[in-house]
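# Commentary on secondary and tertiary structure
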Amino acid sequence: QVQLVESGGGLVQPGGSLRLSCAASGSIFSINAMGWYRQAPGKQRELVATITRDRITYVDAVKGRFTISRDVVKNSVYLQMNSLKPEDTAVYYCNADITSPARISYEYWGQGTQVTVSS
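Let me sum up the structure you'll find in this document. (Residues numbered from 1 in each chain as written. Predicted model: local features only at pLDDT ≥ 70, side-chain atom pairs only at ≥ 80, totals over all residues. Heavy atoms only, no water.)

## Some remarks on the overall build of the protein chain
Of the regular secondary structure elements, the protein chain holds zero helices and 11 strands. Each helix and strand of the protein chain, placed in order from N terminus to C terminus, yields the pattern β-β-β-β-β-β-β-β-β-β-β. In terms of overall size, the protein chain behaves like a compact globule, its C-alpha atoms giving a radius of gyration of 14 Å where 119 residues would be expected to give roughly 14 Å. Oriented by its inertia axes, the alpha-carbon framework of the protein chain measures out at about 50 × 25 × 25 Å. Going through the 119 residues of the protein chain one by one, you find that 40% of them count as buried. Once local pairs closer than 6 in sequence are excluded, the contacts in the protein chain between residues at least 24 apart make up 56%. If you sum the accessible surface of the protein chain, you get close to 6,600 Å²; carbon and sulfur atoms cover 48% of it. (Helix = DSSP H or I, 4+ residues; strand = E, 2+ residues; numbered from the N terminus. Rg over C-alpha atoms; globule rule 2.2 N^0.38 Å. Buried < 20%, exposed > 50% of the residue type's maximum accessible area, 1.4 Å probe, protein only. Contact = heavy atoms within 4.5 Å. Areas by Shrake-Rupley, 256 points an atom, 1.4 Å probe, with all protein chains shown as cover.)

Right under this line is the structure:
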């Protein structure tokens, strides 16, 4: 059983910054990929950023403003969000592709953390 727990969301003014954290715990052999998704009211969930062993990707809307990073030892992923805009307002979800000690891979989701950008 694996759990993902996000933190770091909140209310911030346009131009401000937030740092989201996500920690995975449970029966983990390896984490193949981690990422952040977001869902705004009335919109579909969209990919924000992903990180694997050798690749980092971002949605065009956040390039140059957001930075994804990871700590393999801590089974954690982070999203540094700078120059925030009102259109960044959404529930942000952590996602991870995790292989168990039994060598079974599965995709997990966190519960979500609210990010609100407003003046």
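## Observations concerning the environment of Asp54
Note that Asp54 resides in the loop between β5 (46–52) and β6 (56–58). In this structure, the C-alpha to C-alpha distance between Asp54 and Ala33, residues 21 residues apart in sequence, is 9.8 Å.

## Overview of the side chain of Asn95
Looking at the secondary structure, you find Asn95 in strand β9 (residues 90–99). Residue classification places Asn95 among the buried positions, given a relative accessible area of 7%. Here the side chain of Asn95 touches Glu107 through a polar contact of 3.4 Å, side chain to side chain. Side-chain polar atoms of Asn95 contact the backbone oxygen of Tyr108, separated by 3.4 Å. Those residues in contact with Asn95 that lie beyond four places of it in its chain are Leu4, Ala33, Met34, Gly35, Tyr37, Glu107, Tyr108 and Trp109. (Polar contact = N/O pair within 3.5 Å; in protein donor to acceptor, adjacent residues only side chain to side chain.)

## Let's talk about the packing of aromatic side chains
Aromatic ring pairs: the centre-centre distance and the angle between the two ring planes describe each pair. Counting across every chain of the model gives two aromatic pairs. Judged by centre distance (5.0 Å) and plane angle (70°), the rings of Tyr106 and Tyr108 are edge-to-face. Between the NZ or CZ atom of Arg45 and the centre of the ring of Tyr93, over which it lies, the distance is 3.8 Å. Against the face of Trp109 rests Arg45, its NZ or CZ located 4.8 Å from the ring centre. (Phe/Tyr/Trp six-rings, centres within 6.5 Å; stacked < 30°, edge-to-face > 60°. Lys NZ or Arg CZ within 6 Å of the ring centre and 35° of its normal.)

## Considerations on the layout of surface pockets
Here the largest pocket is characterised by a volume of approximately 190 Å³. Lining of the largest pocket is provided by Ser30, Ile31, Asn32, Met34, Arg53, Arg70, Asp71, Val72, Asn75 and Ser76. Residue assignment for the lining of the largest pocket shows that the elements contributing at least two residues are β4 (30–39) and β7 (66–71). No other element matches β4, which puts four residues into the lining of the largest pocket. Looking at side-chain class alone, the lining of the largest pocket contains three nonpolar, four polar and three charged residues. (1 Å grid on protein atoms, 1.4 Å probe; cavity = no way out; pocket = protein on both sides within 12 Å on 5 of 7 lines; lining within 4 Å. Points joined across faces, edges and corners; volume = space filled by probe spheres on them. Nonpolar A, V, L, I, M, F, W, Y, C, P; charged D, E, K, R; others polar.)

## A few points about the state of the cysteines
The tally for this structure, following the rule as stated, stands at one disulfide. Across a sulfur-sulfur distance of 2.0 Å, Cys22 and Cys94 are joined as a disulfide pair. Here the S-S torsion is close to -85°, and the disulfide linking Cys22 with Cys94 is therefore left-handed. Placement of the pair is Cys22 in strand β3 (residues 18–26) and Cys94 in strand β9, with a sequence separation of 72 residues. (Disulfide = S-S within 2.5 Å.)

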